[in-house]
Amino acid sequence: MAITPLMPVYPRSPVRPVRGEGVYLYGEQGEKYLDFASGIAVNLLGHGHPHLTKAIQDQAATLIHVSNLYGSPQGEALAQRLVDTTFADTVFFTNSGAEAVECAIKTARRYHHAKGQPQKHTLITFSNAFHGRTMGTISATNQEKLRDGFAPLLPGFTVVDFDDLDAALDAVTEHTAGFLLEPIQGEGGIRPASPEFIKGLRKFCDENDLMLVLDEVQCGYGRTGKMFAYEHYGIEPDIMAVAKGIGGGFPLGACLATEKAAAGMVIGTHGSTYGGNPLAMAAGQAVLDVVNTPEFLDHVTRMGERLRGALEQMIPNHDDLFESVRGMGLILGIKMKTDSRAFVGYLREQGLLTVAAGDNVLRVLPPLIIEEEHVTEFVERLSEAARHYDVPQAAA
Ligand code: PLP
């Protein structure tokens, strides 16, 4: 049999982590890696954080799972904290980012349905977006590599250029339900939307009773130095998808909405067997305890400035490889002049974990608990690796 027991859908690297401690991962043979990838923006608290670990252990010993047929004191408590922390009035818990986006799409459509306008079912989405791998979320992007071979895709999405307000508004028809976007595109190459773009979409939605739906699965949850990226833009969405960091590594996501936006999400309209189970809620509580304090968010901002400053200082020494730094806080991207995927592979061999993204960007997504010494170690080792890197001929 040629196929592997693990369905071979990932280009898995030779790194095989079996243990983690703080900002370091350890492989099967004891190899040590500095983890500036964090499971792709997931392990906000690094590996083995005592508060998160204890919360999961205690809850596992108390009650792991019950059905959503029963009352959920655990879900009510975390939902209340998220409501208190954000624009939202109500929360649906999921197990992943794609599920959170699915719920967001359904909420936006059902808002108009509940208002007696079911023809308003189409979301305007943006080039190079990534919203997940379900049929709905691949239909919401124009990235061919995600869609290839999965036709027929779902109708109800119109893709226009990211950060182009005129293109977005020109695409509006009588079928438009709203706009769905990442305020900072992650997989697309760490591209923050401009304030004019997001503010323009917000204003248009207000004037035309459309839904502004944000996907903060990657950029949200403290990573930018604020709890959510939308806070940097001085706007609030109607609906927002969250995942990754919210569970600190435990599979958890959430769809947040205002009372108005959630008008159609009544009993029987949505559900999930596992979504919001007591174990996931305990993980979510523990992460929120640590992340949602002014001191912690200030720490992220300071570390982000430090890291960005050090990277910007390093770039002129390797201007054959690196062009510029983009992003906010600790969601940073280094735009490369060569294939970032090949360089990320080389860094792995040197014990440094980062992630490649679209547009030849090298993503730097450390745990939010990093200290100055980790910033120094990362930039020194990155610079050393850049000094010895031979650009592969095919990528040159
Ligand atoms: N949305 C964004 C912005 C993401 O970056 C991702 C994952 O990378 C997703 C959605 C999908 O999340 P998940 O892989 O948990 O389904």
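Our subject in this report is the structure included herewith. The structure displayed is predicted, hence computed values, not measured ones. Along each chain, the written sequence defines residue order, and numbers are assigned to residues from 1. Residue-level local features of this predicted model are given only where pLDDT is at least 70; pairs of side-chain atoms are given and counted only at 80 or more, and the full residue set underlies all totals for whole chains, interfaces and linings. Only hydrogens and water are set aside when side-chain values are computed; all heavy atoms of the structure are taken into account.

**Here's the deal with the overall build of the chain**
The number of helices and strands found in the chain is 13 helices and 17 strands. Only protein chains enter the accessibility calculation, which uses a 1.4 Å probe; a residue whose area is less than 20% of its type maximum is buried, one above 50% is exposed, and one in between is partly exposed. Looking at the chain residue by residue over its 396 residues, the buried ones come to 54%. In what follows, residue pairs with any heavy atoms lying within 4.5 Å of each other are defined as contacts. Counting contacts in the chain only where the partners sit at least 6 residues apart, residues at least 24 apart contribute 72% of the total. Accessible surface for the chain amounts to roughly 17,600 Å². Of this, 52% is attributable to carbon and sulfur atoms. Starting at the N terminus, helices and strands are each numbered in turn, a helix being any DSSP run of H or I of at least four residues and a strand any DSSP run of E of at least two. Only the protein chains shown count as cover for residues, with accessible areas throughout obtained via the Shrake-Rupley method and a probe of 1.4 Å.

**A short note on the sheet that holds strand E3 (residues 32-35)**
Note: two strands are recorded as paired if DSSP finds a minimum of 2 bridges between them. The sheet built from four strands is open, its strands ordered E1-E2-E3-E15 with mixed pairing. What marks the edges here is a single partner per strand, and that holds for strand E1 (17-21) and strand E15 (352-353).

**So, unusual backbone geometry**
A cis amide bond, omega 0 degrees, links Ala 151 with the succeeding residue Pro 152. Tracing the chain through its elements places Pro 152 in the loop between helix H6 (144-147) and strand E6 (157-160). Its identity is not glycine, yet Asp 209 carries a phi of approximately 55 degrees, on the positive side.

**Let's talk about the site of the ligand**
Close to the ligand lie Ser 96, Gly 97, Ala 98, Phe 130, His 131, Gly 132, Glu 182, Glu 187, Asp 215, Val 217, Gln 218 and Lys 244. Note that an oxygen atom of the ligand is positioned 2.8 Å from one of the backbone N or O atoms of Ala 98. When isolated, the ligand has an accessible area of 390 Å², and the protein chains bury 82% of it. Residue composition of the shell around the ligand, by class: three nonpolar, five polar and four charged. When at least one non-hydrogen atom of a residue lies within 4 Å of a molecule or strand, that residue is treated as near it. Two N or O atoms form a polar contact when they lie within 3.5 Å of each other; inside protein one atom must be a possible hydrogen donor and the other a possible acceptor, and for residues adjacent in sequence the pair counts only when both atoms belong to side chains. Under this grouping Gly is polar, as are all residues other than the nonpolar Ala, Val, Leu, Ile, Met, Phe, Trp, Tyr, Cys and Pro and the charged Asp, Glu, Lys and Arg.

**A word on the packing of aromatic side chains**
Between the rings of Phe, Tyr and Trp (Trp by its six-membered ring), a pair exists once the centres lie within 6.5 Å; its type follows the angle of the planes, with under 30 degrees stacked, over 60 edge-to-face, and the other angles tilted. Using the criterion set out here, one finds 12 aromatic pairs in the structure. Judged by centre distance (4.8 Å) and plane angle (75 degrees), the ring pair of Phe 343 and Tyr 389 falls under edge-to-face. Here the residue Phe 343 occupies a position in helix H12 (residues 340-349), and Tyr 389 occupies one in the segment after helix H13 (372-388), the gap between them amounting to 46 residues. Given the relative accessible area of 0%, Phe 343 is considered buried. Using a relative accessible area of 10% as the deciding quantity, one classes Tyr 389 as buried. Members of the aromatic cluster, connected to one another through ring pairs, are Phe 87, Tyr 221, Phe 228 and Tyr 230. One Lys or Arg, Lys 32, reaches over the ring of Tyr 24 and ends 4.2 Å from the middle of that ring. Charge-over-ring contacts are defined here by two conditions on Lys NZ or Arg CZ: a distance within 6 Å of the ring centre and an angle within 35 degrees of the ring normal.

**Looking at the packing of H12 against H13**
Between H12 and H13, the least distance of the axes is 10 Å, while the angle of their chain directions is 115 degrees. As judged from the angle between their axes, H12 and H13 are roughly perpendicular. Helix-helix and strand crossings are classified by hand; for H12 and H13 the assignment is right-handed. Within the contact between the two elements, H12 uses Phe 343, Tyr 346 and Leu 347 and H13 uses Leu 382, Ala 385, Ala 386 and His 388. For the contact of H12 with H13, the residue count by class is six nonpolar, one polar and no charged. Here, axes are lines fitted to C-alpha atoms. For helices the fit covers the stretch in contact, and angles between N-to-C directions go from 0 to 180 degrees. Small angles under 35 degrees read as roughly parallel and large ones over 145 as roughly antiparallel, with 65 to 115 read as roughly perpendicular and the rest as oblique. By definition, any crossing whose near helix is turned counterclockwise from its far helix by less than a right angle is left-handed, and any crossing with a clockwise turn is right-handed.

**Concerning helix H2 (residues 50-62)**
Residue pairs three or four apart in sequence face the same way in an α-helix, which turns once every 3.6 residues. Multiply 1.5 Å by the residue count of a helix minus one, and that product is the helix's expected span. Spanning 13 residues, H2 covers 18 Å between terminal C-alpha atoms, matching the ideal 18 Å at 1.5 Å per step. Restricting attention to buried positions, one finds in H2 the residues Leu 52, Ala 55 and Gln 59. Around the axis of H2, the buried residues are gathered within 65 degrees of arc, so they sit on the same side. Exposed and oriented more than 90 degrees from the buried face of H2 are Pro 50, Gln 57 and Ala 61. For H2, the elements touching its buried residues are helix H10 (278-291). The directions from the helix axis to the C-beta atoms are what the arc is built from.

**Considering the sheet that holds strand E14 (residues 331-336)**
Taken together, the four strands give an open sheet; going across it, the order is E13-E14-E17-E16, and neighbouring strands pair in antiparallel fashion. In this open sheet, the two strands that pair with only one neighbour each are strand E13 (322-328) and strand E16 (355-357). In this sheet, adjacent strand axes meet at a mean angle of 30 degrees when their direction is disregarded. Sheet topology places E13 next to E14; six bridges connect them, and they run antiparallel. Its bridge partner lying in E14, Phe 322 is registered against Met 336. Across the sheet, H12 lies against E13, E14, E16 and strand E17 (361-364), angled at about 180 degrees from E16, the strand it touches most.

On their own, these measurements won't tell you what the molecule is for.
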